[in-house]
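Reading the structure
Each chain, letter by letter, is given below.
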Amino acid sequence: MSTETREFVLDVLRELNYEVDGVTDATPLGDEGLELESLTLAEVTMRLEEKYDVQFTDEELEGLAKVTLGDFVSQIVDRATAGQSR
C-alpha cells in the first residue's frame, strides 16, 4: 500500500504543478525539499482524507512541513490500516 500511497501523493503534487522528479522518501515536504506551502499541504491531506479515509488535525497539518515524504506516506498508511481494522 505504501507504493500506491506514495504515487498518489506525487500525482496530487504534479496536478498542483510541483516538480517531483528526483523526489525520494528522504525529501522534506517543506524547507530544503518540496517547499510545500500550508495551502498545498491542506489540499494534499484533503485528497488523502477522501481517498484513504484518514484524518489530520490542524496541529498535525502545521507540522507536516517538517517531515519527509517517506514519513508522511508511513503516517497515511498507518492511519488507513488502523481505520480498516475498526
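The numbers attached to residues start from 1 for each chain and follow its sequence in the written order. Side-chain atom pairs in this predicted model are given and counted only at pLDDT of 80 or more, local residue features only at pLDDT of at least 70, and totals for whole chains, interfaces and linings cover all residues. Side-chain numbers come from the whole structure's heavy atoms, not from hydrogens or water.

All right, on to the side chain of Arg-6 then. With respect to the helices and strands, Arg-6 occurs in helix α1 (residues 2–15). Residue classification places Arg-6 among the buried residues on the basis of a relative accessible area of 18%. Within polar-contact distance, the side chain of Arg-6 engages the backbone oxygen of Val-23 at 3.0 Å. Among residues more than four places away in sequence, those in contact with Arg-6 are Val-23, Thr-24, Asp-25, Leu-69 and Val-73. A run of H or I in DSSP counts as a helix once it spans at least four residues, and a run of E counts as a strand once it spans at least two, with each numbered from the N terminus. Burial classes: relative accessible area under 20% of the type maximum marks a residue as buried, over 50% as exposed, and values in between as partly exposed (1.4 Å probe, protein chains only). What qualifies as a polar contact is a pair of N or O atoms within 3.5 Å, subject to a donor-acceptor requirement within protein and to the restriction that residues adjacent in sequence count only when both atoms come from side chains. We call two residues contacting when some pair of their heavy atoms lies within 4.5 Å.

Working rule for helices: expected span equals 1.5 Å times residues minus one. The terminal C-alpha atoms of helix α2 (residues 38–52) lie 20 Å apart, and with 15 residues this matches the ideal 21 Å at 1.5 Å per residue to within 8%. Asp-53 occupies a position one or two residues after α2 and carries a positive phi of about 55°.

Salt bridge, as used here, is a side-chain nitrogen of Lys or Arg placed within 4 Å of a carboxyl oxygen of Asp or Glu. On inspection of all chains with the given rule, the structure shows six salt bridges. With its nearest N and O atoms 2.7 Å apart, the salt bridge here joins Arg-47 to Glu-43. Highlighted residues: Arg-47 and Glu-43, both in helix α2, separated by four residues, approximately one helical turn. For Arg-47, a relative accessible area of 21% translates into the label partly exposed. One network of salt bridges, with partners in common, ties together Arg-6, Glu-7 and Asp-25.

In this section: the environment of Gln-55. For Gln-55, the position within the fold is in the loop between α2 and α3 (58–63). The spacing of Gln-55 and Arg-79 is 24 residues in sequence and 8.0 Å in space, taken between C-alpha atoms.

Another point: the UniProt feature "domain: Carrier" (unreviewed entry) in the chain. The positions that UniProt labels "domain: Carrier" (unreviewed entry) are, in the present scheme, residues 1–80. The distance from the first to the last C-alpha atom of residues 1–80 is 10 Å, and the span holds 59% helix and 0% strand. UniProt positions are given in the numbering used here, feature names are shortened, and annotations may be inferred rather than shown by experiment.

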